[in-house]
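# Notes for the structure review
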Amino acid sequence: MKIQKEIDFILAVDALKNVQRRNYNADDSRRENTAEHSWQIIILAQVLFPYAKNNTDIDLLRVIRMLSIHDLVEIDAGDTFLFDEVGMQGKFEREKIAAKRVFGILDEPLSSEFYNLWIEFEEEETPDAIFACAIDRIMPFILNAHTSGKSWTEAGVTEKQVRGMLENAICRASDEMEECFKALMELCLDGNKLVRN
């Protein structure tokens, strides 16, 4: 069958539905899975695109493609909590191996296109990747700020950690997202969802 590789790929990536994340859904009832996160950030990118700095230099379709595939590596590598300093060690290398396997299910040129989009996202240097990364980082922040913040309080996440891992990634993408970052930070600090330091 002509599209067998594509079917094999889409069946393989169905496993993303089974990868649990630390974040809870907006109703605080359960942890989200990575497929849900990917869907939500694709929607968020479209909603916040008008606010992106230099959005005339950003290709929204490329951003959407990037966001739709960047977490597929978690099928093999698992979800590494951003604030797990030990778990973050070697993360890129683990995920690179996973990217080669998962995207390697496809034939060329799509296999390389997906791999290169993943690398571009990870490097966070192009306007598309900067905006995509900001979207990926702000979504869990929004969820933690507007719920009980369990994923952060359970792990004892600190203000310093959030500033270190999120502030620049979010604020450089948009003035409005910077304003949002500051408001969310205050909400989290006032609600004791972060350890002050």
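Provided above is the structure to which this section pertains.
Residues numbered from 1 in each chain as written. Predicted model: local features only at pLDDT ≥ 70, side-chain atom pairs only at ≥ 80, totals over all residues. Heavy atoms only, no water.

### Description of unusual backbone geometry
Geometrically, the link from Glu108 to Pro109 is a cis peptide bond, its omega value of 5 degrees lying close to zero. Considering the arrangement of structural elements, one finds Pro109 in the loop between helix H6 (91–103) and helix H7 (110–123). We note that Asn54 has phi near 50 degrees; this positive angle belongs to a residue other than glycine. Relative to the helices and strands, Asn54 resides in the loop between helix H2 (34–48) and helix H3 (60–69). A relative accessible area of 56% places Asn54 in the exposed class. The backbone phi angle of Glu124 is positive, close to 50 degrees, even though this residue is not glycine. Residue position: Glu124 is located in the loop between H7 and helix H8 (127–145). Note on Glu124: relative accessible area 21%, which makes it partly exposed. (Helix = DSSP H or I, 4+ residues; strand = E, 2+ residues; numbered from the N terminus. Buried < 20%, exposed > 50% of the residue type's maximum accessible area, 1.4 Å probe, protein only.)

### Remarks on a nonpolar patch on the surface
Together, Trp39, Ile43 and Val47 make up an exposed nonpolar region whose accessible area comes to about 320 Å². Tracing the sequence through the fold places Ile43 in helix H2. Taking relative accessible area as the criterion, Ile43 reaches 40% and is therefore assigned partly exposed. (Patch = residues over 30% accessible without salt bridge, like charges linked within 9 Å, V, L, I, M, F, W, Y side chains within 5 Å. Areas by Shrake-Rupley, 256 points an atom, 1.4 Å probe, with all protein chains shown as cover. Salt bridge = Lys/Arg side-chain N within 4 Å of Asp/Glu carboxyl O.)

### Here we look at H6
Its 13 residues place the ends of H6 18 Å apart at the C-alpha level, agreeing with the 18 Å of an ideal helix rising 1.5 Å per residue. Among the residues making up H6, those that are buried are Lys91, Glu95, Ala98, Ala99, Val102 and Phe103. Looking down the long axis of H6, one finds its buried residues gathered within 110 degrees of arc, a one-sided arrangement. Facing away from the buried side of H6 by over 90 degrees, the exposed positions are Ile97 and Lys100. Summarising the contacts, the buried residues of H6 are in contact with helix H1 (4–13), H3, helix H4 (74–77), helix H5 (85–88) and H7. (Expected span 1.5 Å × (residues − 1). Arc of directions from axis to C-beta. Contact = heavy atoms within 4.5 Å.)

### Re the packing of aromatic side chains
All chains considered together, the criterion is met by nine aromatic pairs. Relative to Phe131, the ring of Phe49 lies with its centre 6.2 Å away and its plane at 70 degrees, an arrangement referred to as edge-to-face. On the criterion of sequence distance, the pair formed by Phe49 in the loop between H2 and H3 and Phe131 in helix H8 is long-range, its members being 82 residues apart. Both residues of the pair, Phe49 and Phe131, count as buried. With 5.5 Å between their ring centres and 75 degrees between their planes, Phe81 and Phe83 make a pair best called edge-to-face. Comparing Phe81 with Phe83, the two get one shared label, buried. Three or more aromatic residues joined by ring pairs form one cluster here, namely Phe81, Phe83, Phe141, Trp152 and Phe181. A cation over a ring is seen here: Arg22 above Phe81, with NZ or CZ 4.5 Å from the ring centre. Here the basic side chain of Lys150 rests over the ring of Tyr24, its NZ or CZ set 4.2 Å away from the ring centre. (Phe/Tyr/Trp six-rings, centres within 6.5 Å; stacked < 30°, edge-to-face > 60°. Lys NZ or Arg CZ within 6 Å of the ring centre and 35° of its normal.)

### Quick look at the pattern of salt bridges
Counted according to the given criterion, the structure contains 19 salt bridges. With a shortest N-O distance of 3.9 Å, Glu154 and Arg22 are connected by a salt bridge. With Glu154 in the loop between helix H9 (150–153) and helix H10 (159–171) and Arg22 in strand E1 (residues 20–24), the pair connects residues that are 132 residues apart, well separated along the chain. For Glu154, a relative accessible area of 43% translates into the label partly exposed. Salt-bridge contacts for Glu120 lead to Arg62; the nearest nitrogen and oxygen are separated by 2.4 Å.

Interpretation note: all reported values are geometric properties and have no functional meaning in isolation.
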